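Fold and contact review
Listed here are the chains, written in short residue letters.
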Amino acid sequence: MTVRVVLADDQTVVRAGFRALLDLTDDLVVVAEAADGAQAVEAVRTTRPDVALMDIRMPGVDGIEATRRIAADRTLDGVRVVMLTTYQDDGYVFEALRHGAAGFLLKDIEPDDLREAIRTVAAGQSLLAPAVTRSVVEEFARLKAPEAAAAERLAPLTEREREVMALVAAGLSNEEIGRVLIMSPLTAKTHVSRAMIKLGVRDRAQLVVLAYETGLVRPGSG
(Lines give C-alpha, C1' and ligand atoms only; values in the text may rest on other atoms or scores of the structure.)
Protein backbone atom coordinates (compact mmCIF):
# COMPACT_ATOMS: atom_id res chain seq x y z
CA MET A 1 0.00 0.00 0.00
CA THR A 2 1.25 3.46 -0.89
CA VAL A 3 0.83 6.03 1.89
CA ARG A 4 0.05 9.49 0.54
CA VAL A 5 1.46 12.39 2.57
CA VAL A 6 0.95 16.16 2.73
CA LEU A 7 3.84 18.18 4.18
CA ALA A 8 2.96 21.45 5.94
CA ASP A 9 5.77 23.65 7.28
CA ASP A 10 6.54 27.30 6.73
CA GLN A 11 10.25 26.57 6.26
CA THR A 12 11.12 25.45 2.74
CA VAL A 13 14.26 23.68 3.89
CA VAL A 14 12.32 21.59 6.41
CA ARG A 15 9.80 20.51 3.79
CA ALA A 16 12.61 19.67 1.38
CA GLY A 17 14.34 17.59 4.03
CA PHE A 18 11.26 15.57 4.89
CA ARG A 19 10.42 15.08 1.21
CA ALA A 20 13.93 13.81 0.52
CA LEU A 21 13.60 11.27 3.33
CA LEU A 22 10.22 10.04 2.14
CA ASP A 23 11.30 9.88 -1.50
CA LEU A 24 13.77 7.15 -0.53
CA THR A 25 10.91 4.68 -0.02
CA ASP A 26 8.55 2.96 -2.42
CA ASP A 27 5.50 3.05 -0.16
CA LEU A 28 5.53 6.72 0.95
CA VAL A 29 4.80 9.54 -1.48
CA VAL A 30 4.44 13.29 -0.92
CA VAL A 31 1.36 14.47 -2.83
CA ALA A 32 1.41 18.15 -1.78
CA GLU A 33 3.25 20.75 0.29
CA ALA A 34 1.96 23.76 2.20
CA ALA A 35 3.65 26.77 3.79
CA ASP A 36 0.86 27.64 6.26
CA GLY A 37 -2.25 26.19 7.83
CA ALA A 38 -4.71 27.55 5.29
CA GLN A 39 -2.71 26.02 2.44
CA ALA A 40 -2.48 22.77 4.39
CA VAL A 41 -6.24 22.48 4.79
CA GLU A 42 -6.74 23.20 1.09
CA ALA A 43 -4.06 20.67 0.13
CA VAL A 44 -5.69 18.02 2.31
CA ARG A 45 -9.12 18.69 0.84
CA THR A 46 -7.74 18.55 -2.69
CA THR A 47 -5.49 15.51 -2.44
CA ARG A 48 -7.15 13.49 0.37
CA PRO A 49 -3.86 12.10 1.77
CA ASP A 50 -3.55 9.31 4.30
CA VAL A 51 -1.31 11.41 6.56
CA ALA A 52 -0.67 15.13 6.96
CA LEU A 53 2.60 16.13 8.66
CA MET A 54 1.71 19.48 10.21
CA ASP A 55 4.06 22.01 11.76
CA ILE A 56 2.44 23.52 14.85
CA ARG A 57 3.77 27.05 14.45
CA MET A 58 3.04 28.60 11.07
CA PRO A 59 2.08 32.14 10.02
CA GLY A 60 -1.57 33.03 9.60
CA VAL A 61 -3.53 29.87 10.28
CA ASP A 62 -1.34 27.75 12.55
CA GLY A 63 -1.12 23.98 12.67
CA ILE A 64 -3.57 23.63 15.56
CA GLU A 65 -6.33 25.53 13.78
CA ALA A 66 -5.59 23.66 10.55
CA THR A 67 -5.88 20.38 12.45
CA ARG A 68 -9.18 21.48 13.99
CA ARG A 69 -10.60 22.32 10.57
CA ILE A 70 -9.52 18.98 9.12
CA ALA A 71 -10.89 17.03 12.09
CA ALA A 72 -14.21 18.92 11.89
CA ASP A 73 -14.68 18.05 8.20
CA ARG A 74 -16.46 14.69 8.14
CA THR A 75 -15.41 14.13 4.52
CA LEU A 76 -11.79 14.03 5.74
CA ASP A 77 -12.26 11.36 8.42
CA GLY A 78 -9.65 9.17 6.76
CA VAL A 79 -6.91 11.81 7.06
CA ARG A 80 -4.55 11.41 10.01
CA VAL A 81 -2.75 14.54 11.20
CA VAL A 82 0.66 14.25 12.86
CA MET A 83 2.15 17.36 14.43
CA LEU A 84 5.78 18.33 13.86
CA THR A 85 7.20 19.99 16.93
CA THR A 86 10.07 20.54 19.35
CA TYR A 87 10.19 19.96 23.10
CA GLN A 88 9.47 23.65 23.65
CA ASP A 89 6.03 23.28 22.05
CA ASP A 90 4.48 21.05 24.72
CA GLY A 91 1.47 23.30 25.29
CA TYR A 92 0.76 23.44 21.60
CA VAL A 93 1.04 19.65 21.35
CA PHE A 94 -1.63 19.23 24.04
CA GLU A 95 -4.00 21.56 22.18
CA ALA A 96 -3.30 19.76 18.90
CA LEU A 97 -4.18 16.41 20.45
CA ARG A 98 -7.39 17.91 21.83
CA HIS A 99 -8.34 19.11 18.38
CA GLY A 100 -7.83 15.81 16.60
CA ALA A 101 -4.14 15.19 15.93
CA ALA A 102 -3.21 11.50 15.92
CA GLY A 103 0.11 12.20 17.60
CA PHE A 104 3.29 14.17 17.16
CA LEU A 105 6.88 13.84 16.04
CA LEU A 106 9.94 15.81 17.01
CA LYS A 107 11.61 17.46 14.05
CA ASP A 108 14.93 15.83 14.83
CA ILE A 109 13.46 12.34 14.52
CA GLU A 110 15.66 9.69 12.91
CA PRO A 111 14.82 8.98 9.23
CA ASP A 112 13.83 5.35 9.78
CA ASP A 113 11.68 6.31 12.77
CA LEU A 114 9.95 8.99 10.71
CA ARG A 115 9.05 6.57 7.96
CA GLU A 116 7.83 3.93 10.41
CA ALA A 117 5.79 6.51 12.32
CA ILE A 118 3.98 7.57 9.15
CA ARG A 119 3.19 3.95 8.34
CA THR A 120 1.91 3.42 11.88
CA VAL A 121 -0.46 6.38 11.71
CA ALA A 122 -1.65 5.48 8.22
CA ALA A 123 -2.56 2.05 9.58
CA GLY A 124 -4.97 3.69 12.01
CA GLN A 125 -2.84 3.80 15.15
CA SER A 126 -1.84 6.80 17.24
CA LEU A 127 1.68 7.89 18.10
CA LEU A 128 1.30 7.46 21.83
CA ALA A 129 4.12 5.07 22.61
CA PRO A 130 6.85 7.58 23.57
CA ALA A 131 6.79 8.46 27.26
CA VAL A 132 7.02 12.13 26.31
CA THR A 133 3.48 11.98 24.91
CA ARG A 134 2.02 11.03 28.25
CA SER A 135 4.16 13.59 30.05
CA VAL A 136 2.77 16.31 27.77
CA VAL A 137 -0.82 15.32 28.48
CA GLU A 138 -0.21 14.97 32.21
CA GLU A 139 1.55 18.30 32.52
CA PHE A 140 -1.19 20.28 30.87
CA ALA A 141 -4.01 18.33 32.46
CA ARG A 142 -2.36 19.25 35.77
CA LEU A 143 -2.92 22.94 35.01
CA LYS A 144 -6.68 22.72 34.72
CA ALA A 145 -9.49 21.24 36.77
CA PRO A 146 -11.53 18.36 35.33
CA GLU A 147 -14.52 19.39 33.23
CA ALA A 148 -17.62 20.18 35.26
CA ALA A 149 -19.67 17.96 32.94
CA ALA A 150 -17.28 15.01 33.28
CA ALA A 151 -19.85 12.60 34.72
CA GLU A 152 -22.31 13.41 31.98
CA ARG A 153 -19.62 13.13 29.29
CA LEU A 154 -18.58 9.66 30.45
CA ALA A 155 -22.11 8.45 31.20
CA PRO A 156 -22.46 6.43 27.96
CA LEU A 157 -19.52 4.20 28.90
CA THR A 158 -19.83 0.89 30.70
CA GLU A 159 -17.63 0.27 33.73
CA ARG A 160 -15.39 -1.99 31.65
CA GLU A 161 -15.04 0.66 28.95
CA ARG A 162 -13.98 3.17 31.60
CA GLU A 163 -11.36 0.75 32.87
CA VAL A 164 -10.04 0.24 29.36
CA MET A 165 -10.04 4.00 28.69
CA ALA A 166 -8.01 4.60 31.85
CA LEU A 167 -5.45 2.00 30.75
CA VAL A 168 -5.22 3.60 27.31
CA ALA A 169 -4.48 6.88 29.07
CA ALA A 170 -1.74 5.10 31.00
CA GLY A 171 -0.10 4.29 27.67
CA LEU A 172 -0.95 0.59 27.47
CA SER A 173 -1.36 -1.22 24.16
CA ASN A 174 -4.28 -3.55 23.44
CA GLU A 175 -2.07 -6.51 24.28
CA GLU A 176 -1.07 -4.98 27.63
CA ILE A 177 -4.66 -4.04 28.46
CA GLY A 178 -5.64 -7.64 27.75
CA ARG A 179 -3.07 -8.93 30.20
CA VAL A 180 -4.17 -6.51 32.93
CA LEU A 181 -7.90 -7.18 32.53
CA ILE A 182 -7.54 -10.85 31.55
CA MET A 183 -9.05 -10.58 28.09
CA SER A 184 -7.85 -11.05 24.55
CA PRO A 185 -6.19 -8.15 22.69
CA LEU A 186 -9.10 -8.26 20.23
CA THR A 187 -11.61 -7.82 23.05
CA ALA A 188 -9.55 -4.94 24.42
CA LYS A 189 -9.51 -3.35 20.97
CA THR A 190 -13.30 -3.73 20.75
CA HIS A 191 -13.77 -1.95 24.08
CA VAL A 192 -11.46 0.86 22.94
CA SER A 193 -13.37 1.24 19.67
CA ARG A 194 -16.74 1.31 21.43
CA ALA A 195 -15.51 3.95 23.87
CA MET A 196 -14.28 6.14 21.01
CA ILE A 197 -17.59 5.80 19.17
CA LYS A 198 -19.67 6.61 22.24
CA LEU A 199 -17.52 9.63 23.11
CA GLY A 200 -17.27 10.88 19.53
CA VAL A 201 -13.46 10.94 19.39
CA ARG A 202 -11.32 10.16 16.35
CA ASP A 203 -8.59 8.02 17.86
CA ARG A 204 -6.68 6.89 20.94
CA ALA A 205 -4.88 10.22 21.23
CA GLN A 206 -8.13 12.08 21.82
CA LEU A 207 -9.28 9.32 24.14
CA VAL A 208 -6.19 9.90 26.30
CA VAL A 209 -6.75 13.66 26.44
CA LEU A 210 -10.41 13.18 27.35
CA ALA A 211 -9.49 10.74 30.12
CA TYR A 212 -7.41 13.45 31.78
CA GLU A 213 -9.81 16.32 31.06
CA THR A 214 -12.74 14.50 32.66
CA GLY A 215 -10.70 13.38 35.65
CA LEU A 216 -11.09 9.67 34.85
CA VAL A 217 -7.35 9.51 35.45
CA ARG A 218 -5.23 12.01 37.33
CA PRO A 219 -1.78 13.34 36.49
CA GLY A 220 0.84 11.13 38.10
CA SER A 221 -1.67 8.41 38.95
CA GLY A 222 0.38 5.75 37.12
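From a predicted model like this one, the values you see are computed outputs, not experimental measurements.

1. A word on the overall build of the chain
Summing up its helical and strand segments, the chain has 11 helices and 5 strands in all. Within the chain, the proportion of its 222 residues that are buried is 48%. Accessible area of the chain: about 10400 Å², with a carbon and sulfur share of 52%.

2. Things to note about the side chain of arginine 115
In this structure, arginine 115 sits in helix α5 (residues 111–122). A distance of 2.9 Å separates a polar atom in the side chain of arginine 115 from the backbone oxygen of leucine 21. There is a polar contact of 2.7 Å between the side chain of arginine 115 and the side chain of aspartate 112.

3. What to know about the packing of helix α8 (residues 159–169) against helix α11 (residues 204–213)
Where α8 meets α11, the closest approach of the two axes is 8 Å, and the angle between their N-to-C directions is 100°. Between α8 and α11, the angle is such that the two are roughly perpendicular. Judged by residue contacts, Met165, Val168 and Ala169 of α8 engage Arg204, Leu207, Val208, Leu210, Ala211 and Tyr212 from α11.

4. Remarks on the nonpolar core
Counting 29 residues, the largest nonpolar core has Val44, Met54, Ile70 and Met83 as its most contacted members. Formed by 22 residues, the second largest nonpolar core is a distinct cluster that contains Met165, Ala188, Val201 and Leu207.

5. A closer look at the pairing of strand β5 (residues 103–106)
Neither face of β5 is left uncovered, since the one carrying Gly103 and Leu105 and the one carrying Phe104 and Leu106 both have all their residues buried. Where strand β4 (residues 80–85) meets β5, 4 bridges bridge the pair, whose relative direction is parallel. Considered in β5, the bridge of methionine 83 is made with phenylalanine 104.

6. Some thoughts on the pattern of salt bridges
The tally for this structure, following the rule as stated, stands at 13 salt bridges. Between glutamate 33 and arginine 15 there is a salt bridge, with the nearest N and O atoms lying 2.9 Å from each other. Taken together, the positions of glutamate 33 in strand β2 (residues 28–34) and arginine 15 in helix α1 (residues 12–22) put the pair 18 residues apart, joining distant regions of the chain. What makes glutamate 33 partly exposed here is its relative accessible area of 32%. Residue class for arginine 15 comes out buried when judged on its relative accessible area of 11%.

7. What about the side chain of arginine 80?
Inspection of the secondary structure assignment puts arginine 80 in strand β4. For arginine 80, a relative accessible area of 10% corresponds to the buried category. One polar contact links the side chain of arginine 80 to the main-chain carbonyl oxygen of valine 121, over a distance of 3.4 Å.

8. A short note on the layout of surface pockets
If you add up the space inside the second largest pocket, you get close to 170 Å³. Along the walls of the second largest pocket sit Arg68, Ala71, Ala72, Arg74, Arg98, His99, Gly200, Val201, Arg202 and Gln206, which together make up its complete lining. With 3 residues, helix α3 (residues 63–72) is the largest single contributor of residues to the lining of the second largest pocket. Of the residues in the lining of the second largest pocket, the class split is 3 nonpolar, 3 polar and 4 charged.

9. Some details on the sheet that holds strand β3 (residues 51–55)
Taken together, the 5 strands give an open sheet; going across it, the order is β2-β1-β3-β4-β5, and neighbouring strands pair in parallel fashion. Only two strands of the sheet have a single partner each, and these edge strands are β2 and β5. Neighbour to neighbour, the strand axes of the sheet diverge by 25° on average, direction disregarded. In the packing of α1 onto the sheet, the strands contacted are β1 (3–8), β2, β3 and β4, and the crossing angle to β2 comes to about 165°.

Reading the values: rules and limits
- Residue positions are given per chain, counted from 1 along the sequence in the order it is written.
- Local features in this predicted model are restricted to residues of pLDDT 70 or higher, and side-chain atom pairs are both shown and tallied only at a pLDDT of 80 or more, whereas totals for entire chains, interfaces and linings draw on every residue.
- Where side-chain values are given, they derive from all heavy atoms of the structure, hydrogens and water being excluded.
- Per the convention used, a helix needs a DSSP run of H or I reaching at least four residues, while a strand needs a run of E reaching at least two, with both numbered from the N terminus.
- Burial classes: relative accessible area under 20% of the type maximum marks a residue as buried, over 50% as exposed, and values in between as partly exposed (1.4 Å probe, protein chains only).
- What sets the accessible areas is the Shrake-Rupley method with a 1.4 Å probe; for residues, cover comes only from the shown protein chains.
- Under the rule applied, a polar contact is a pair of N or O atoms within 3.5 Å (in protein, one hydrogen donor and one hydrogen acceptor; residues adjacent in sequence only if both atoms are side-chain atoms).
- Working convention: axes come from line fits to C-alpha atoms, limited for helices to the stretch in contact. Angles between N-to-C directions cover 0 to 180 degrees.
- Convention used here: angles under 35 degrees read as roughly parallel, angles over 145 as roughly antiparallel, angles from 65 to 115 as roughly perpendicular, and any remaining angle as oblique.
- Residues are treated as being in contact if the distance between any of their heavy atoms lies within 4.5 Å.
- Remark: nonpolar core denotes a set of buried residues (Ala, Val, Leu, Ile, Met, Phe, Trp, Tyr, Cys) joined through side-chain atoms within 4.5 Å.
- DSSP bridges decide pairing: two strands pair if at least two such bridges lie between them.
- Within this document, salt bridges are pairs made up of a side-chain nitrogen of Lys or Arg and a carboxyl oxygen of Asp or Glu, the two lying within 4 Å of each other.
- Detection works on a 1 Å grid of protein atoms alone, calling trapped sets that fit a 1.4 Å probe cavities and calling open sets with protein on both sides within 12 Å along at least five of seven lines pockets, with lining residues defined by an atom within 4 Å of a point.
- Grid points are joined across faces, edges and corners, and a volume is the space filled by probe spheres set on the points.
- Ten residue types, Ala, Val, Leu, Ile, Met, Phe, Trp, Tyr, Cys and Pro, are classed as nonpolar, four, Asp, Glu, Lys and Arg, as charged, and the remainder, Gly among them, as polar.

Keep in mind that these numbers describe shape and distance, not what the molecule does.
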